[in-house]
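Here are the chains, one letter per residue:
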Amino acid sequence: MVMKIKRFLNCSIPRGIVYHKISSDIIALFMSFFSRLDDRKTIKQFENKFAEHIGRKYAIAFPFARVAIYYALKIKNLPAGSEIIMPPITIKAILDVVIDLGLHPVFVDIDLDTLSFDAQKLDQAIGENTKAILITYLFGIVPDIENMLSLCKKHNLFVIEDFSQCLNGKYKNKKMGCFGDIGVYSASSIKTLDTYGGGLLVCDDDGMHQKLRYLQSTLEQPSRMYLIHKILTDLIRNIATSRIVFHFMVFPLIKIMSALKPGGAIKHTGGRGQKMIKTLPQAWFKQYTSYQAKLGLKLLDSVEESDRARINNVIYLKANISSLPFPRGKSAANNVYWQFVALFENPIKAQEVMRKMGVDTSTTSLEMISSLSDYSCQGDTPNANYLYNNGLFIPSFPGLSMNDLKHISNVVNAVLDK
Ligand SMILES: *Cc1c(COP(=O)(O)O)cnc(C)c1O
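Here goes a summary of the coordinates provided.

Rules of the game
- Starting afresh in each chain, residues are numbered from 1 along the sequence in its written order.
- Per-residue local features of the predicted model are confined to residues with pLDDT of at least 70, and side-chain atom pairs are confined, for both listing and counting, to 80 or more; whole-chain, interface and lining totals are unaffected and use all residues.
- Neither water nor hydrogens contribute to the side-chain values; these are computed over all heavy atoms in the structure.
- Throughout this document, a residue counts as near a molecule or strand when at least one of its heavy atoms sits within 4 Å of that molecule or strand.
- Within 3.5 Å is the distance limit for a polar contact, defined as a pair of N or O atoms, with the added protein rule that one can donate a hydrogen and the other accept it, and that residues adjacent in sequence qualify only through two side-chain atoms.
- The Shrake-Rupley method, run with a 1.4 Å probe, gives the accessible areas here. Residue values count only the displayed protein chains as cover.
- Classes in brief: Ala, Val, Leu, Ile, Met, Phe, Trp, Tyr, Cys and Pro nonpolar; Asp, Glu, Lys and Arg charged; the others, Gly included, polar.
- Between Lys or Arg on one side and Asp or Glu on the other, a salt bridge is scored when a side-chain nitrogen of the former is within 4 Å of a carboxyl oxygen of the latter.
- Paired strands, in this sense, are two strands between which DSSP finds at least two bridges.
- For the purposes of this entry, the term helix denotes a DSSP run of H or I that reaches at least four residues, the term strand denotes a run of E that reaches at least two, and both are numbered from the N terminus.
- Axis definition: a line fitted to C-alpha atoms, over the contacting stretch in the case of helices. Angles run 0 to 180 degrees between N-to-C directions.
- Each residue is placed in one exposure class: buried if its accessible area under a 1.4 Å probe, protein chains only, is under 20% of its type's maximum, exposed if it is over 50%, and partly exposed if it falls in between.
- The span expected for a helix works out to 1.5 Å for each residue beyond the first.
- Note on patches: the residues involved have over 30% relative accessible area and no salt bridge, like charges join within 9 Å, and the nonpolar side chains Val, Leu, Ile, Met, Phe, Trp and Tyr join within 5 Å.
- Note on angle classes: values under 35 degrees are labelled roughly parallel, values over 145 roughly antiparallel, values of 65 to 115 roughly perpendicular, and the remainder oblique.
- In this scheme the handedness of a crossing depends on how the near helix is turned from the far one: anticlockwise by less than a right angle means left-handed, clockwise means right-handed.
- Contacts: residue pairs with any heavy atoms within 4.5 Å of one another.
- Here a cavity denotes grid points, spaced 1 Å and computed from the protein atoms alone, that fit a 1.4 Å probe unable to get out, and a pocket denotes an open set having protein on both sides within 12 Å along at least 5 of 7 lines; residues with an atom within 4 Å of a point are the lining.
- Grid points are joined across faces, edges and corners, and a volume is the space filled by probe spheres set on the points.

1. A closer look at the site of the ligand
Close contacts around the ligand come from 13 residues, with R66, D162, Q165, S186 and K191 the closest. Contacts to the ligand include R66, whose side-chain N or O atom sits 2.8 Å from an oxygen atom. Taking S186, its side chain carries an N or O atom lying 2.7 Å from an oxygen atom of the ligand. Here the ligand has 380 Å² of accessible area as a free molecule, and 94% of this is covered by the chains. Looking at the shell around the ligand residue by residue, the classes come out as four nonpolar, six polar and three charged.

2. Examining the pattern of salt bridges
Proximity of charged atoms lets side chains of opposite charge pair with each other. In total, this model carries 15 salt bridges according to the counting rule given. A single salt-bridge network, built from bridges that share partners, covers K349, E352 and K356.

3. Observations concerning the sheet that holds strand β6 (residues 158-162)
One open sheet holds the seven strands; their spatial order is β1-β10-β9-β6-β5-β2-β4, and the pairing between them is mixed. The open sheet has two edge strands with one neighbour each: β1 (58-62) and β4 (104-107). Across the sheet, the mean angle from the axis of one strand to that of its neighbour is 25°, orientation sign disregarded. Examined bridge by bridge, strand β5 (residues 130-136) and β6 share five bridges and lie parallel to one another.

4. With respect to the pairing of strand β9 (residues 182-186)
Most of β9 sits out of view: five of its five residues are buried. The two faces of β9 match: I182, V184 and S186 on one face and G183 and Y185 on the other face are all buried. Pairing geometry for β6 and β9, over three bridges, is parallel. The partner of D162 across the bridge, within β9, is V184. As defined by bridge partners, β9 adjoins strand β10 (residues 199-203) across five bridges and the pair is classed as antiparallel. For Y185, the partnering residue across the bridge sits in β10 and is L200.

5. A short note on helix α3 (residues 40-54)
The terminal C-alpha atoms of α3, which comprises 15 residues, lie 21 Å apart, in line with the 21 Å expected from a rise of 1.5 Å per residue. Considered for burial, the residues of α3 that qualify are T42, I43, F46, E47, F50, A51, H53 and I54.

6. Looking at a nonpolar patch on the surface
Where nonpolar side chains cluster on the molecular surface, the patch consists of F30, F33 and F34 and spans about 370 Å² of accessible area. Residue position: F33 is located in the loop between α2 (22-31) and α3. Given the relative accessible area of 45%, F33 is considered partly exposed.

7. Section: the packing of helix α13 (residues 347-356) against helix α15 (residues 402-417)
The geometry of α13 relative to α15 is characterised by a closest axis approach of 9 Å and an angle of 135° between their N-to-C directions. Taken together, the axes of α13 and α15 lie oblique to each other. Both α13 and α15 take part in a crossing whose hand is right-handed. Note on element contacts: α15 touches α13 through V411, V412 and V415, opposite A350, V353 and M354. A class-by-class count of the residues in the contact of α13 with α15 yields six nonpolar, no polar and no charged.

8. What about the sheet that holds strand β8 (residues 174-175)?
Across the sheet, which stays open at both edges, the three strands sit in the order β8-β7-β11 with antiparallel pairing between neighbours. The sheet terminates laterally at β8 and β11 (333-334), the two strands that pair on one side only. Note: strand β7 (residues 170-171) against β8, two bridges, orientation antiparallel. Of the residues in β8, the one forming a bridge with Y171 is K174.

9. Re the layout of surface pockets
Space inside the largest pocket adds up to approximately 1100 Å³. Lining the largest pocket are 43 residues, with I17, V18, Y19, H20 and K21 positioned closest to its centre. Among the elements of the structure, α1 (2-9), α2, α10 (243-260), α11 (290-299), α12 (303-320) and α15 are those that each provide at least two residues to the lining of the largest pocket. Here the element with the most residues in the lining of the largest pocket is α2; it accounts for six residues. Its residues placed into classes, the lining of the largest pocket shows 21 nonpolar, twelve polar and ten charged.

10. Details of empty space enclosed by the protein
Summed over all chains, the structure comprises two cavities of 30 Å³ or more. In this structure, the largest cavity spans a volume of roughly 50 Å³. Per-element accounting of the lining of the largest cavity gives the leading share, three residues, to helix α9 (residues 224-240). Of the residues assigned to the lining of the largest cavity, the class counts are five nonpolar, three polar and one charged. Every residue lining the second largest cavity is listed: F139, I141, F326, P327, Y337, Q339, F340 and V341. Tallied by class, residues from the lining of the second largest cavity come to seven nonpolar, one polar and no charged.

Shape descriptors only; they carry no functional weight alone.
Now the structure itself:
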C-alpha cells in the first residue's frame, strides 16, 4: 500500500539517508532517557564483535573517530614538528587534533580514480621527517592499498586507516581497517553503521591496545542530554529525508533557498566552521556509552545487507548512465560506495537540472582541509579541489525502487546531453 502511494506521488528523491528506521530512532530517543550508559560489559561485547567483524584482534570504542586518531597518535609520542601525511579532504576536527599534538600536516593530492593518495605524489611527499600517514577511503572507494602500504613500510611510517566511509570494503578479500597499524571507524550520523556517534579503533598490537585501553578509561561520563541530543538530531534528519516529508516540505524549501541564493544549497549538510580552534573542546573527550554499544551490537548484523542493496543500485546506475567519469577503484577491490559520487563539468548547472526533475544532489560536506585560510599549513591539491567542487552525489541508497533508479539514470543522462 505504502509503495503504491509513493509511486503514485512520484516523490522526489533526497541526496542521502540515515541508516535507521524512523521507528528505531523514536524508540532509541525514548529509551535514552532511562537506559544505563556505563555498563562496561556491553561496551566490551560490542568492541569484540566489531573487532571480529573487521578481522582484527582488538577494538576500542571512543566517542569520536577524531578522538581515536588523537590517542593513537599521542601514544606514538612523535617529536613535535614530525610530519604526518594527510588527505586533503576530510572532517576538520581531524586536522585540529593533529595540530594540537604539535604535528605538521603534509597534504598529498588524490588520484581521481581511487579518491585516495596518488602513489607518485605520495612517494615524492615522504621525507626524512615524515613519521605517520592517515589514509582515508573517501565515499567507499578502495584504492591499491598494498602498493601504498609497501611505500609506507619502506619509510617506517605509522599507518592509520580512516575507514569511516568504507565499512566492509575489501582489498583482495581483506577488509579495510586491517591494513595499517590501526584502523578507525566513525559510527556517526549518516554512516552505514550509525550508533549516534562513536569512534571505533581497531588494532592487533598488545602494547598499543593496553595503552589505548587505559586512555579510554580516563574519559569522563557524558551527560544523558548529550546522547539525547545526538539521537534527536538523527531522528530529525531521518524524518526530513523520508520520502513524503522530503517531497512536500524539505525539497520545496531547498528550491526556495536555491532560488534566493543560486549555488548556495550545493553542500551536503550545510557549511561548517572553518575557523581554527585554540584548544580541543572538552565535549569531545567523553565516554562512548553502553547504550550506543547495545544498539551497535544489533545494527552490525544488518550493515552488509544494506551494503548489498546500495552496491546493486550503483551497478545499475553505472550500466545505465551513458558516460560519466566515476571513480572506479581497483580491480582487486570491493568498493562499498557509501556515497556514489560522479564528477560533473558544471556541477551547479547539473544540480539545478536534476533538482527540476525531482532528484536532489549535493557535493560533499567534508572540508577541504588542505586550503583552509585560517590554518598555516596548506597544500596544492588540484584533484582534491576538483572532487570537492565538481563531485555530486547520485542517490543510490538502499530503499530506492526500480522506478527511482530508472528515473535517476534518465535525469543524469539528461544532464549529460545538455
Ligand atoms: C564521518 C567521518 C568522520 C567523523 O569523525 P568523528 O570524529 O567521529 O565525527 C571522520 N572521518 C571521515 C572520513 C568521515 O567521513
